[in-house]
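Structural description and commentary
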Amino acid sequence: MSREGLLGLLFGVLALGSFAMVPAQNLLLNPGFESWIEGKPDHWYGTTACTTYKTIDTLHSGYCGCKLEFTSSTETQWLEQYVDVSPSLNYTCSLWVYDNYPHSKARVYLRWYDASNSYISYNSSSYSSDSSSWQVLTWSGLSPSDADSLHFEIRAYDEAWGDTIDTAYFYVDDAAIMLLPMSPVISNVTRTPDAPDAADTVIISARITDEGSVTADSMFYKINSGSFTPTHHDSVSTSTYYYHINPQSNNDTVCFYIWAKDNDDSVSVSDTSSYVVNPQATVSLPLAYGSPGDTVAVPISVSDLTGMEVLSFQFVVVYDTTILTAVGIDTSSTLLNGAGWLTEWNTDTDSVSVASSGAYPLSNSGDLIKLLFKVSSGASTGDSSGLIFTSFTFNEGTPEVVTEDNAFIVIGSYGDVSGNGEVMAYDASLVLQYLLDLVPLTLSQQIVADVSGADGITALDASLILQYVVETITGFPVETGGKEFPTSAVLTLEDVSGAPGGIVNVPVLIENPEGLFSSEFTLTFDPNLLSLEDVSTTLSGYQCLYKEEEGEVKVVLAGTESPEEANTVNFTFRVKEDAELGCKISLKDVRLNEKDVISNGSSCFFVANPALLTFHLYSVRPNPGRQFTIRYCLPVDGYTILKLYDITGRTIRTLVDGPTDAGEHTAKWDGKDDAGKPVSSGIYFYQLKSSENNEIKKLTILR
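Thresholds, definitions, all that
Residues numbered from 1 in each chain as written. Predicted model: local features only at pLDDT ≥ 70, side-chain atom pairs only at ≥ 80, totals over all residues. Heavy atoms only, no water. Pairing = 2+ DSSP bridges. Helix = DSSP H or I, 4+ residues; strand = E, 2+ residues; numbered from the N terminus. Axes fitted to C-alpha atoms, helices over the stretch in contact; angles between N-to-C directions. Parallel < 35°, antiparallel > 145°, perpendicular 65-115°, else oblique. Contact = heavy atoms within 4.5 Å. Nonpolar A, V, L, I, M, F, W, Y, C, P; charged D, E, K, R; others polar. Buried < 20%, exposed > 50% of the residue type's maximum accessible area, 1.4 Å probe, protein only.

Side note on the sheet that holds strand β29 (residues 366–375)
Taken together, 5 strands build an open sheet; the order of strands is β26-β29-β24-β22-β31 and the sheet is mixed. In this open sheet, the two strands that pair with only one neighbour each are β26 (324–330) and β31 (401–404). On average, each strand axis in the sheet is tilted by 25° relative to the strand beside it, whichever way the strands run. Pairing analysis gives 8 bridges linking strand β24 (residues 295–302) to β29, with the strands arranged antiparallel. Residue V296 lies in a different strand from β29, and its bridge partner there is F373.

A word on the packing of helix α2 (residues 425–435) against helix α4 (residues 459–469)
In contact at an axis separation of 8 Å, α2 and α4 are set at 175° when each is read in the N-to-C sense. Between α2 and α4, the interaxial angle falls into the category roughly antiparallel. Within the contact between the two elements, α2 uses A425, D427, A428, V431, L432 and L435 and α4 uses A459, D461, A462, I465, L466 and V469. Of the residues assigned to the contact of α2 with α4, the class counts are 10 nonpolar, no polar and 2 charged.

Some words on α4
In an α-helix, one turn spans 3.6 residues; hence positions three or four apart end up facing the same way. Within α4, 9 of the 11 residues are buried, which leaves the element mostly enclosed by the surrounding structure. Residues of α4 that are buried: A459, L460, D461, A462, S463, L464, I465, L466 and Q467. The secondary structure elements touched by the buried residues of α4 are α2, α3 (443–449), α5 (477–480), β36 (518–524), β38 (543–549) and β39 (552–558). Following α4 by one or two positions, E471 adopts a phi angle in the positive range, close to 65°.

Points about the sheet that holds strand β49 (residues 694–701)
Across the sheet, 4 strands lie side by side as β46-β45-β48-β49; this open sheet has antiparallel pairing. Two strands in the sheet have a free side with no partner beyond their single neighbour: β46 (651–660) and β49. In this sheet, neighbouring strand axes are inclined to one another by 15° on average, regardless of whether the strands run parallel or antiparallel. Pairing of strand β45 (residues 638–646) with β46, which is carried by 8 bridges, proceeds in the antiparallel orientation. From the neighbouring strand, L642 faces β46, where its bridge partner is V656.

Structure representation (structure tokens):
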């Protein structure tokens with residue numbers, strides 16, 4: 001589970017616990033002004049110019065309230081009460097005010113005193129505003145570190161007082177001072193050792209304190225991109241909690257944080273900390289390739305050097321001199337570019353040596369430097385040379401370096417997959433056959449087949465080869481700088497039916513095909529009900545190849561022109577003699593041009609024998625859940641209603657309400673009502689009705 005998921009669960013539990021604790025003790029006496037003897041409400045005190053009246057008609061709650069009326073426009077008046085408090089705790093103070101008189105306003109004014117009754121400081125709420133409804137004035141925060149008592153004052157102020165005004169008033173009710181639970185305080189989070197090696201067990205310590213008691217705690221940690229895992233403390237000493245993380249591998253990134261809960265069920269979570277185990281730099285050579293006579297730049301890539309204080313490096317790379325000759329170095333678009341380093345290179349028999357240093361350390365990841373090689377004019381397509389580090393050193397050996405070798409491949413012309421010296425339509429066919437695993441391609445063939453220069457070999461490469469053959473393009477994107485091929489095309493399926501022993505055609509509709517030059521997808525079906533007869537397409541000028549395996553048909557298509565109108569790829573199946581109801585047919589691994597692969601595409605239902613269809617509402621899975629796919633079956637065409645109800649019988653969502661064809665159908669419910677609001681956790685019912693049938697089932701929403 002992710003940290004976010006764990007915290008969601010923890011805070012969900014906390015929220016339930018906090019809800020149960022909300023009615024904390026009100027520290028004020030007679031907070032609702034229900035108790036009166038005479039003059040002021042019991043336990044309340046005030047200035048002489050502030051007159052109080054018991055009210056029974058203008059109330060926020062209860063049976064009595066208080067009206068404050070004052071006659072002075074030059075001095076602030078107040079009604080107050082004193083309460084004992086404790087230092088450095090979380091208090092909230094509130095007061096409900098009804099103020100619809102334009103010449104008055106109120107606010108809560110809080111005066112803090114220490115044990116010797118010396119004034120410390122004050123806090124206050126906002127002012128009331130003229131309103132025909134009750135409003136609440138609030139303040140929340142920590143009491144001063146030396147607080148011993150609090151004066152809770154209801155302050156009265158004049159507003160726009162004129163010569164003709166000699167009195168002003170407002171109503172108050174339901175005053176409160178409440179002590180809120182405080183969350184545990186997590187501090188002094190440390191680890192030992194600070195820079196661990198692969199053999200080190202790391203000790204994590206944290207100080208956890210609370211005004212009550214700490215009842216639960218955990219350290220959550222994860223390695224690299226894994227999920228956070230909780231672990232209990234090993235020991236506790238004077239509020240310091242100790243945990244451990246087992247030894248990890250070099251370059252592993254470890255993230256951790258501390259979680260704690262107290263006796264009030266309040267929760268705290270520390271900031272997330274991290275460390276890297278024995279950081280090492282990885283230096284790698286890529287798979288490189290080029291044609292005879294070419295000069296090729298081979299970049300040497302390096303992992304992130306930030307913080308490693310790299311001020312120099314030196315290395316030696318060996319290669320086959322019958323295929324390659326080292327002719328120089330290039331620092332453009334590398335980490336050395338603009339770094340102000342001095343770099344030298346030299347060749348010796350079958351190797352190239354490079355040394356470089358500077359006054360300022362390198363940082364970030366990327367290409368460190370590029371080696372320039374000339375490909376021998378006598379080399380043949382498919383020839384190869386190793387590119388191998390015999391040494392690589394940063395500084396005087398720190399940080400440590402892991403090197404990754406590779407090879408150089410001599411290739412022919414792009415698009416000439418067969419290697420006959422000419423780009424032909426057959427080369428496009430080889431690409432499509434390779435995608436279906438019908439033919440193998442050597443590494444050099446795979447390189448020249450990727451004419452788009454992006455995302456490896458796709459059906460779009462076959463399309464580009466065909467376009468090159470018919471001369472709608474004069475070069476390939478891999479040679480001319482690359483090009484994107486956007487399309488809005490969508491592949492969809494619709495429900496079909498067919499009698500046992502007969503033929504059924506399942507069309508895959510290609511909608512919005514503008515910009516579409518190639519497609520790859522797999523259609524899945526139940527081989528116990530259907531057997532494939534043929535695959536064809538209405539796409540003019542397209543090569544279409546397919547390969548069938550158990551319950552799947554993989555299809556690749558490529559053409560020279562983007563279609564202007566919707567087309568189809570048609571799958572012809574024979575329905576088996578013993579077929580009864582039907583099966584689901586789906587698209588998966590859909591790729592249009594070189595867009596991202598869609599793992600789960602459109603789907604439909606095949607009905608083998610409509611005569612055997614019955615009225616049926618299927619149970620949903622999983623149940624409980626948050627959203628559901630509801631399946632149902634209709635024996636005949638007709639008007640159909642599919643609705644959801646809560647346990648009171650109130651309709652909360654209508655999914656289907658209209659004419660519906662016979663066959664199996666699905667409807668999705670996202671857990672929201674007709675207004676688009678998520679429904680709460682609980683039990684709900686879904687009902688399917690037609691003119692002659694009615695069925696109802698139960699499901700459970702679990703948030």
